[in-house]
Amino acid sequence: MDICLRILALSILSLLPVSVFAQSDGVDPVLTQIAASSHSPFGPSLDQAHVCVTDRHGNVYVAGELSNNVLRVSPSGTITEIIGPDGDGAGHQLSQPMGLAVAPDGAVYVSGYGSNNVFRIKRRRVTQVLDASDGLDQPRSMVVSPDGTLFVAGMGSSNVLRVATDGSITEVLGPEGDGYGNTVHRVGDLALDRWGILYAAGYASHNAFKIWAGGDVREIIDTTGDGMGHTLEVTGGIAVDDNGNVFVSGFRTNNVFHIDAGGNITELLDESGTGEGQELRMPRSMVVDYRGDLLVTGGGSHNVFKLSPEYGAVCVAELGDAIVGEMIVPYGMALGPNDDLYVSCYYSDNLFRLDGVAVSNPWKDYGPDDFVVSPENEGLFGDVVSASAASLPYPEDGAGGWVKLYLDDILLET
């Protein structure tokens, strides 16, 4: 039943209009601080908030690089330390956590850059799953595939390791890069697309690679950037959308590139930012929301940009926007399950929620009572559980329009 419903929901979503960038909905962004550094003995500290991730329940996880811990912020605002400097409590310590990932089963993975290890946290149980003996040095970014496979970037070891669900470990990218003379040095950020293709950013080699599940590796951008004089230096972040568009940020060159599915490269954003005084400096994290909008943190310019086709580059948050707290060196960024965006700030030691900017869940305003079954489909999936019809945005004769959807026993899990 659950599999059928998921397939049906995904089929409907795939028919909605998708572009590289979506139009702005005109909602004013709201920036709210939800966690900050605390040196009180009564609460967990957060020093140098590095990276953040979310789970499907609305929990946000943020890593404190200097406090050597990871905090969980629940939807109600409760803050809990899920791992501290003592790591698993069995002698395997955690130092400088710089990577976080959430698995489909809810497990949280934490990489210790300074301790050269990776921990898995599930139901308060902490287990070390990787260490230096596995060929890992200075682990940083991590991603998890829908089947639970973990990918870890080793910055010091200049490689990417794949940890299968059975625990077997395979190196899918090494210092030799693609094997055709395009080497990789200090792998930083990772991204995974819906087809299971992995993307890795070569932080110090000023390039990025595409890694197929079968083992093929190809360099997709190098230090020449778009080949039109816009260069790439120090590959900061990497992101991919559902159409195979890849986005790469140049941390030192203060720019963002777009690589389409055909391999064509375009510089999307440069140091001038909006061109109206809101500059982009030291771009790091990037995420693509459901509609295809690209969001980028400017670590050195203390702001967040959103790129859309209608409005171009728009600064949606900057230093001084929050009523409480300052957004200094925004570093990590993650989409929540309810159109919420989270930004972790390295030098202000805090975590913000940014509302009115991204779309992550097109179903969030609809519940079981918003769906009915059409008579000809009764019994196809299960019993009828609702009594009203819902209207959802849907392409109608090639244009934007509204149609009614009739679904059986629909309980969407987002």
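Structure's up top.
Residues numbered from 1 in each chain as written. Predicted model: local features only at pLDDT ≥ 70, side-chain atom pairs only at ≥ 80, totals over all residues. Heavy atoms only, no water.

Novice: Would you mind going over the overall build of the protein in detail, with residue names and values included?
Specialist: Along the protein, the regular secondary structure elements total one helix and 30 strands. Restricting the contact set of the protein to residue pairs at least 6 apart, pairs at least 24 apart contribute 46%. If you sum the accessible surface of the protein, you get close to 18,300 Å²; carbon and sulfur atoms cover 49% of it. (Helix = DSSP H or I, 4+ residues; strand = E, 2+ residues; numbered from the N terminus. Contact = heavy atoms within 4.5 Å. Areas by Shrake-Rupley, 256 points an atom, 1.4 Å probe, with all protein chains shown as cover.)

Novice: Lay out the environment of Ser67 in plain terms, naming residues and giving numbers.
Specialist: Within the element layout of this structure, Ser67 appears in the loop between strand E3 (60-64) and strand E4 (69-73). Note: C-alpha distance between Ser67 and Ser95 (28 residues apart in sequence) is 8.5 Å. Beyond its immediate sequence surroundings of up to four residues, Ser67 is in contact with Ser45, Leu46, Asp47 and Pro85. At 2.6 Å, the side chain of Ser67 forms a polar contact with the side chain of Asn69. (Polar contact = N/O pair within 3.5 Å; in protein donor to acceptor, adjacent residues only side chain to side chain.)

Novice: I'd like a description of the sheet that holds strand E13 (residues 169-173), backed by residues and values.
Specialist: Reading across the sheet, the four strands line up as E10-E11-E12-E13 and stay open at both edges, with antiparallel pairing between neighbours. Strands with a single pairing partner mark the edges of an open sheet, and in this sheet they are strand E10 (139-144) and E13. Each adjacent strand pair in this sheet contributes to an overall mean axis angle of 25°, direction not counted. As paired elements, strand E11 (residues 150-154) and strand E12 (residues 159-163) share five bridges and run antiparallel to each other. For Val152, the partnering residue across the bridge sits in E12 and is Leu161. (Pairing = 2+ DSSP bridges. Axes fitted to C-alpha atoms, helices over the stretch in contact; angles between N-to-C directions.)

Novice: Tell me about the packing of aromatic side chains, residues and numbers included.
Specialist: Under the defined criterion, the tally for this structure stands at two aromatic pairs. Look at Tyr331 and Tyr346: their rings are 5.9 Å apart centre to centre, the planes differ by 40°, and that puts the pair in the tilted class. Residue Tyr331 is located in strand E26 (residues 330-335), and its partner Tyr346 is located in the loop between strand E27 (340-345) and strand E28 (350-355); the two are separated by 15 residues in the primary sequence. An identical accessibility class is assigned to Tyr331 and Tyr346; each is buried. Ring geometry for Tyr346 versus Tyr347: centroids 5.1 Å apart, planes at 70°, classification edge-to-face. Given a relative accessible area of 14%, Tyr346 falls into the buried group. (Phe/Tyr/Trp six-rings, centres within 6.5 Å; stacked < 30°, edge-to-face > 60°. Buried < 20%, exposed > 50% of the residue type's maximum accessible area, 1.4 Å probe, protein only.)

Novice: So what's going on with the sheet that holds strand E8 (residues 117-122)? Residues and values would help.
Specialist: On the basis of which strands lie adjacent, the open sheet formed by four strands has the order E6-E7-E8-E9 and antiparallel pairing. Because the sheet does not close on itself, it has two edges, and the strands there are strand E6 (97-102) and strand E9 (125-130). For this sheet, the mean angle separating the axes of adjacent strands, direction not counted, is 25°. As paired strands, strand E7 (residues 108-112) and E8 are joined by five bridges and run antiparallel to one another. Bridging across to E8, Val110 finds its partner in Phe119.

Novice: Give me unusual backbone geometry: which residues, what numbers.
Specialist: Phi is positive for Gln48, close to 55°, though the residue is something other than glycine. Relative to the helices and strands, Gln48 resides in the loop between strand E1 (30-36) and strand E2 (49-54). Backbone geometry places Asn254, a non-glycine residue, at a positive phi of 55°.

Novice: Go over the pairing of strand E5 (residues 79-83), please, and point to the residues and values.
Specialist: Bridge count between E4 and E5: four bridges; the pairing is antiparallel. Paired with Arg72 across the strands is Thr80, a residue of E5. Turn length for the E4-E5 hairpin, with the two strands adjacent in sequence and antiparallel, is five residues, and the turn residue Gly77 shows positive phi of about 100°.

Novice: Any details on the pairing of strand E16 (residues 207-211)? Residues and values, ideally.
Specialist: When you tally the buried positions in E16, you get five out of five residues, the bulk of the element. Where strand E15 (residues 198-202) lies against E16, five bridges are found, and the strand directions are antiparallel. Residue Ala201 lies in a different strand from E16, and its bridge partner there is Ala208. Hairpin connection of E15 to E16: four residues between the antiparallel strands, including His206 at a positive phi of 55°. One ladder, built from four bridges, connects E16 with strand E17 (residues 217-221); its direction is antiparallel. Considered in E17, the bridge of Lys210 is made with Arg218. Taken together, E16 and the strand that follows it, E17, pair antiparallel across an intervening segment of five residues, in which Gly215 is found at a positive phi of about 110°.

Function cannot be inferred from these measures alone, as they are strictly geometric.
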